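Below, each chain spelled out in residue letters.
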Amino acid sequence: MSKIGIALSGGGSRCVAQLGAIKFLEEKGLHFSAVSGSSGGAIAGALYASGRSPDEILALLKEIDFKSFLKYYLHKGSLYKIIGAEEYLRDEIGLKDFETLQIPFYCTVVNFKTGLAEYKNSGDLAKLILASCALTPVFAPVEYAGETYIDGGFYDNLPAAALGSVSEKIVGINVNPMFESLPKGFKKRLMKSLFIMLNANVREGKRLCNLYIEPHDMSRYSIFDIKNFDIFYEIGYREAQRHEKEIDRFLGEL
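Residues numbered from 1 in each chain as written. Predicted model: local features only at pLDDT ≥ 70, side-chain atom pairs only at ≥ 80, totals over all residues. Heavy atoms only, no water.

Digging into the packing of aromatic side chains
For clarity, the threshold we go by: Any two of the Phe, Tyr and Trp rings considered here, Trp counted by its six-membered ring, make a pair once their centres fall within 6.5 Å; the pair's planes then place it as stacked at under 30 degrees, edge-to-face at over 60, or tilted in between. The helix and strand labels rest on DSSP assignments: H or I over at least four residues marks a helix, E over at least two residues marks a strand, and numbering proceeds from the N terminus. Between buried and exposed lies partly exposed: a residue is buried under 20% and exposed over 50% of the maximum accessible area for its type, with that area taken using a 1.4 Å probe on protein chains only.
By the definition in use, this model includes nine aromatic pairs. Aromatic side chains F32 and Y48 sit 6.4 Å apart centroid to centroid with 70° between the ring planes, which places their arrangement in the edge-to-face category. Of this pair, F32 sits in the loop between α1 (16-27) and β2 (34-38) while Y48 sits in helix α2 (residues 40-49); the two residues are 16 residues apart in sequence, bridging distant segments of the chain. With relative accessibility at 8%, the residue F32 sits in the buried group. Judged by its relative accessible area of 6%, Y48 is buried.

Here it is, written out as structure tokens:
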């Protein structure tokens, strides 16, 4: 059996849809030897690499009070700073270091000084996950090992490149489908601009994937929507189902 890696895009809460897609892929007999993730995909990826099933991860995420970790930080140049999440990831969930994971995991972060992506597979797992999710300036950058890091999706929002040396085949799941619209209002225009940037950062990763899944229905939901996890999970599962023939061909090539 070929070594198969899976790359998970960023996309905030939308990344729950990746779990539904993975569930269907597992039901088809796919198992992954390496995982990479950016931003929200780093959270989903690390939890999956820890040995949890998609159903278990969904249940865990639904129990977390995400808003409790946010503290206003505007006077420091960002809207929020994340407080307490590092300890929660490390002590409550067990995401302490990469060596404890059951599947090799590559966490995508962007070095704020150089502007380049770095794919981390060792070190302080909890802190690097938060760095990968640091959507600056909404969230404050994260200081780690003498460097300043921000959201991995700013440079590589589908980090298939991280898997090239450890995988013979790569599956990619992107939860940020482009939608045609001319939005009005500051917030809607900001979100559309963000999605344009994120999709530009997906193209190279998509090219590297042997199987690519993009749940189009996720375009209707905000990346900050934490009320519809069950819907997101179902959307991901159904989208993977729609790719069943492609998945069968992919399996036939292994």
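Side note on α1
What counts here: Expected helix span is computed as 1.5 Å times (number of residues minus one).
Under the 1.5 Å per step criterion, the end-to-end length of α1 is 18 Å for 12 residues, consistent within 8% with the ideal 16 Å. Of all 12 residues making up α1, nine are buried, and the element is well covered by its neighbours. For α1, every residue scored as buried is listed here: V16, A17, Q18, L19, G20, A21, I22, F24 and L25. Immediately beyond the C-terminal end of α1, within one or two residues, lies G29, with a positive phi of roughly 100°.

Description of the pairing of strand β9 (residues 169-173)
With five of five residues buried, β9 is to be regarded as a mostly interior element. The alternating pattern of β9 places K169, V171 and I173 and I170 and G172 on opposite faces, both of which are buried.

Regarding the packing of α1 against α2
Note the cut-off: Axes here mean lines fitted to C-alpha atoms, for a helix over just the part in contact, with angles spanning 0 to 180 degrees between N-to-C directions. Roughly parallel covers angles under 35 degrees, roughly antiparallel covers those over 145, roughly perpendicular covers 65 to 115, and oblique covers all other angles. Any pair of residues with heavy atoms lying within 4.5 Å of one another is described as a contacting pair. In this classification, the charged set is Asp, Glu, Lys and Arg, the nonpolar set is Ala, Val, Leu, Ile, Met, Phe, Trp, Tyr, Cys and Pro, and all remaining amino acids, among them Gly, are polar.
Where α1 meets α2, the axes come as close as 11 Å, and the angle between the chain directions of the two elements is 40°. When the axes of α1 and α2 are compared, the pair comes out oblique. Within the contact between the two elements, α1 uses Q18, L19, I22 and E26 and α2 uses G41, A44 and Y48. Partitioning the contact of α1 with α2 into residue classes produces four nonpolar, two polar and one charged.

Geometric values such as these leave the question of function open.
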